[in-house]
Amino acid sequence: MSNELSRRLEALERRLNAEQPLRPGAPLKVVVVYGGLPPGVPLWAVAGAHEWFPDPGEELEAFAERAAAAARALKETLLVLGGLPKTQAQNDVALAAYDAWLLTDDGVPPVEPGRGIHG
């Protein structure tokens, strides 16, 4: 994953966590998980028993804002963007994205500096 995308995701997480708390002492905590396969932006969001997926063509920031607003409306206290698939719908999205990624790449993940992998 590119350093640019990493910085973008970290900034998004910081910004969403800086928003107004749901109630005093219990803000909505947003965690962005990235760096898996396929590499790139999170493919879903989860809060409690609820899940959201980006609309076709929806930008990451717009999707994150929409999911955070929905989680706040549901009075959830934790929103996770990305992560390992836990539902069939998430698995279907992950497999489709992985298949698309394989068609546009040589299938070998890039070497990530600082993770003990040296080329």
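Below you will find a few notes about this structure. Being a predicted model, the structure only gives us computed values, none of them experimental.

Thresholds applied
Residues numbered from 1 in each chain as written. Predicted model: local features only at pLDDT ≥ 70, side-chain atom pairs only at ≥ 80, totals over all residues. Heavy atoms only, no water. Pairing = 2+ DSSP bridges. Helix = DSSP H or I, 4+ residues; strand = E, 2+ residues; numbered from the N terminus. Axes fitted to C-alpha atoms, helices over the stretch in contact; angles between N-to-C directions. Contact = heavy atoms within 4.5 Å. Core = buried A, V, L, I, M, F, W, Y, C linked by side-chain atoms within 4.5 Å. Buried < 20%, exposed > 50% of the residue type's maximum accessible area, 1.4 Å probe, protein only.

**Focus on the sheet that holds strand β1 (residues 29-32)**
Pairing between sheet strands relies on hydrogen bonds along the backbone, with the strands arranged either parallel or antiparallel.
Next, step 1: Strand order in this open sheet of 4 strands is β1-β4-β2-β3, and the pairing throughout is mixed. For this open sheet the edge positions go to β1 and β3 (50-52), each flanked by a neighbour on one side alone. Between one strand axis and the next, the sheet turns through 20° on average, direction left out of account.
Next, step 2: Here 3 bridges tie strand β2 (residues 45-47) to β3, and the two strands are oriented antiparallel to one another. Within β3, the residue paired with Ala45 across the bridge is Trp52.
Next, step 3: Packing against the sheet, helix α1 (residues 3-17) makes contact with β1 and β4 (78-81), and its axis sits at approximately 170° to β1.

**Remarks on the environment of Pro42**
Next, step 1: You can see Pro42 is positioned in the loop between β1 and β2.
Next, step 2: A sequence separation of 18 residues divides Pro42 from Leu60, and the C-alpha atoms of the two residues are 7.9 Å apart.
Next, step 3: Once residues within four sequence positions are removed from consideration, Pro42 is found in contact with Leu9, Val32, Val33, Leu60, Leu81 and Gly82.

**Considerations on the nonpolar core**
Next, step 1: Leu16, Val30, Ala45, Trp52, Leu79 and Leu81 are the most contacted members of the largest nonpolar core, which has 18 residues in total.
Next, step 2: No other element matches helix α2 (residues 60-73), which puts 6 residues into this core.
Next, step 3: Setting aside chain neighbours within four positions, we find Leu81 in contact with Leu16, Val30, Val31, Val32, Val33, Pro42, Trp44, Ala45, Phe63 and Ala64.

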